[in-house]
Amino acid sequence: MSVRAPRYSAWSLLRGRFSGPGFWRPLWSGRQLQKAYDVVVVGAGGHGLATAYHLARDHGVRRVAVLEKRLVGYGNVGRNTTIVRSNYLLPQNHYFYEDALRRWETLSRDLNYNVMYSPRGVLDLALSDGEMVSLARRGNAMRLAGIDAELMDRAGVMKFAKELVPAGTRRFDIVGGLLQQRGGTVRHDAVAWGYARAASALGVDIIEDCEVTGLVTTAGVATGVETSQGPVAAGQVVFAVAGHTGAIGTMLGVPLPVETHLLQAMVTEPIKPLINSVLIYVHPHGEVYILQSDRGGVVMGGFLDGFPSYTREGRWSRLEDVVQSAVALLPQIAGLRVLRHWAGTNDMTMDGSFIIDRIRYDNVFLNGGWCYGGFKSIPASGAACAQFVATGTAPDLIRAHTLSRFASGHLLDERGGGPFPVRL
Amino acid sequence: MMRLTCPFCGARELHEFQFHKTAPEPGANPFAAVYERVNRTDISQEYWQHLHGCRAWLYVSRNPSTGEVYQVHLLGTQS
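Residues numbered from 1 in each chain as written. Chains lettered and ligands numbered in written order. Predicted model: local features only at pLDDT ≥ 70, side-chain atom pairs only at ≥ 80, totals over all residues. Heavy atoms only, no water.

1. Quick look at the pattern of salt bridges
Residues and elements named next belong to chain A. As a reminder, the rule being used: Any carboxyl oxygen of Asp or Glu within 4 Å of a side-chain nitrogen of Lys or Arg constitutes a salt bridge here. Each helix is a run of H or I in the DSSP string that is no shorter than four residues. Each strand is a run of E no shorter than two, and both are numbered from the N terminus. A 1.4 Å probe rolled over the protein chains alone gives each residue an accessible area, and that area as a share of the maximum for its type sets the label: buried under 20%, exposed over 50%, partly exposed in between.
Scanning the model with the defined rule gives 20 salt bridges over all chains in all. For Arg182, the salt bridge is made with Glu105, and the minimal N-O distance between the two is 3.0 Å. One end of the pair, Arg182, is in the loop between strand 6 (176-180) and strand 7 (184-185); the other, Glu105, is in helix 3 (residues 91-111), and 77 residues separate them in sequence. Glu105 sits in the partly exposed class, given a relative accessible area of 34%. With a shortest N-O distance of 2.8 Å, Arg182 and Asp148 are connected by a salt bridge. Residue Arg182 is located in the loop between strand 6 and strand 7, and its partner Asp148 is located in the loop between helix 4 (129-144) and strand 5 (150-153); the two are separated by 34 residues in the primary sequence. We classify Asp148 as partly exposed; its relative accessible area is 23%. The structure contains a network of salt bridges with shared partners spanning Glu98, Arg102, Glu105, Asp148 and Arg182.

2. Concerning the domain arrangement of chain A
All names here are of chain A. The test is simple: Just so you know, the domain bounds were taken from an automatic or database domain assignment. Here, two residues are considered to be in contact whenever any of their heavy atoms come within 4.5 Å of each other. Using a 1.4 Å probe, buried area is obtained as the accessible area two parts lose upon being combined, added over both of them. Polar contact criterion, stated in full: a pair of N or O atoms within 3.5 Å, where within protein one must be able to donate a hydrogen and the other to accept it, and residues adjacent in sequence count only if both atoms are side-chain atoms. Residues are sorted three ways: Asp, Glu, Lys and Arg are charged, Ala, Val, Leu, Ile, Met, Phe, Trp, Tyr, Cys and Pro are nonpolar, and all the rest, Gly among them, are polar.
Entries for chain A in the domain assignment read domain 1 (35-117 + 184-257 + 350-424) and domain 2 (118-183 + 259-349). Distance between the C-alpha centres of domain 1 and domain 2: 26 Å. Residue-level contacts link 47 residues of domain 1 with 45 residues of domain 2. Carbon and sulfur atoms make up 58% of the area that domain 1 and domain 2 hide from each other, which totals about 3700 Å². At the surface where domain 1 touches domain 2, the tally comes to 22 residue pairs in polar contact (both at pLDDT 80 or more). Residue assignment for the side of domain 1 that touches domain 2 shows that the elements contributing at least two residues are strand 3 (83-84), helix 3, strand 7, helix 7 (245-252) and helix 10 (405-408). Residue contributions to the side of domain 1 that touches domain 2 peak at six residues, all from helix 3. In terms of residue class, the side of domain 1 that touches domain 2 is made up of 21 nonpolar, 17 polar and nine charged.

As structure tokens, this is what we get:
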């Protein structure tokens with residue numbers, strides 16, 4: 001019943017080139033929704049697909065379904081700025097994100113699908129002495145954990161990122177930066193497609209256009225989900241729904257420490273190679289990150305829109321703010337035209353760190369609250385969440401990321417900003 | 001949603017306002033009032049401040065799925 005996609009290799013690609021159009025098969029086959037599964041994963045984004053893939057590959061769970069309201073990769077896995085890095089301050093976070101970064105390094109081989117991991121370096125910039133102190137603190141924390149981090153002075157930054165050489169007058173000069181060389185970018189759509197293809201090859205049913213509308217429970221235990229295609233029995237249920245995490249909490253009657261905010265990104269017309277790494281600058285009134293895609297477009301993003309929204313329509317003033325910040329850093333790009341801009345819905349927690357935990361029922365799991373870290377954490381999240389679901393015990397990497405930490409006071413407040421996702 | 005109508009200043013651009021949080025359910029305990037949020041996709045009742053204007057605290061109800069603003073009141077005067 002499962003249609004095996006051909007294993008990709010130099011030989012198979014060559015053969016495909018001369019075999020005509022029939023050689024290429026859909027990456028994941030359109031299967032029918034069954035009546036019952038061992039595990040139902042809600043949401044076919046990066047986290048849902050990776051969780052299903054690891055459940056099937058590492059834990060031998062036979063019957064796994066991924067139910068998706070729209071299309072594979074419609075949500076944030078296709079809407080981010082493709083950046084991967086592990087330059088976090090808190091140990092609970094940087095060990096987890098480092099695990100993710102190590103998995104990114106070998107993911108193309110693991111999935112037999114080219115996700116185009118590009119370790120071009122992630123450079124956090126400082127335009128003041130105070131910002132240098134903050135970067136040094138974060139860099140030291142990373143190095144103590146064995147994660148690569150290099151603190152650079154102005155000359156070091158100018159040598160590494162030649163595009164920063166002033167092409168006009170820069171209002172604030174660069175003081176230094178913190179470089180994580182192994183950080184970089186990954187082709188985001190390929191991650192969704194690669195995980196979907198690999199999971200499908202392991203027998204996972206990926207069902208699109210299937211909205212989960214409710215949870216079915218009997219005597220305090222979840223027994224399945226209601227969907228737009230009818231009821232489905234499930235031994236365990238995993239919610240990995242990104243921006244709709246808060247709505248899932250409302251559906252289950254559990255108010256969550258989560259707000260949904262829009263985060264915008266944009267890409268310009270393609271130009272010749274200019275920006276060699278990922279440039280990030282966080283300033284007191286927002287932030288900006290800039291990179292150049294393999295196609296040549298300059299990709300930019302910034303801070304959240306700042307109020308709850310599910311519209312996926314960004315707010316104009318934030319777009320202006322990001323562009324102004326980007327042009328202040330790189331005056332050369334001032335004349336470029338923006339081709340597209342879009343927004344994703346971010347599930348922001350009250351301490352800025354994610355949640356992987358049981359929610360209300362022993363056999364219902366929540367994988368959410370990813371804030372800005374959703375895309376870069378996909379491989380580690382999938383592995384850890386699958387282990388939690390399959391064994392019933394949270395692996396060490398996510399042991400601190402419980403839902404109860406907010407009540408017990410064991411917050412993972414990376415930013416030190418208090419119980420508000422947005423406070424500038 | 002591009003503008004909010006401040007009861008004192010009239011319709012003003014959104015960037016003059018700062019969102020604070022969703023209004024807690026009546027009778028919410030202190031933990032819930034600080035950390036938990038009301039996440040409804042059809043209506044959201046929120047505290048805002050006209051921070052870069054008259055600095056009044058506002059009570060806004062709107063639809064977070066469409067962006068439609070239903071009502072803006074001075075905080076404490078909402079029905």
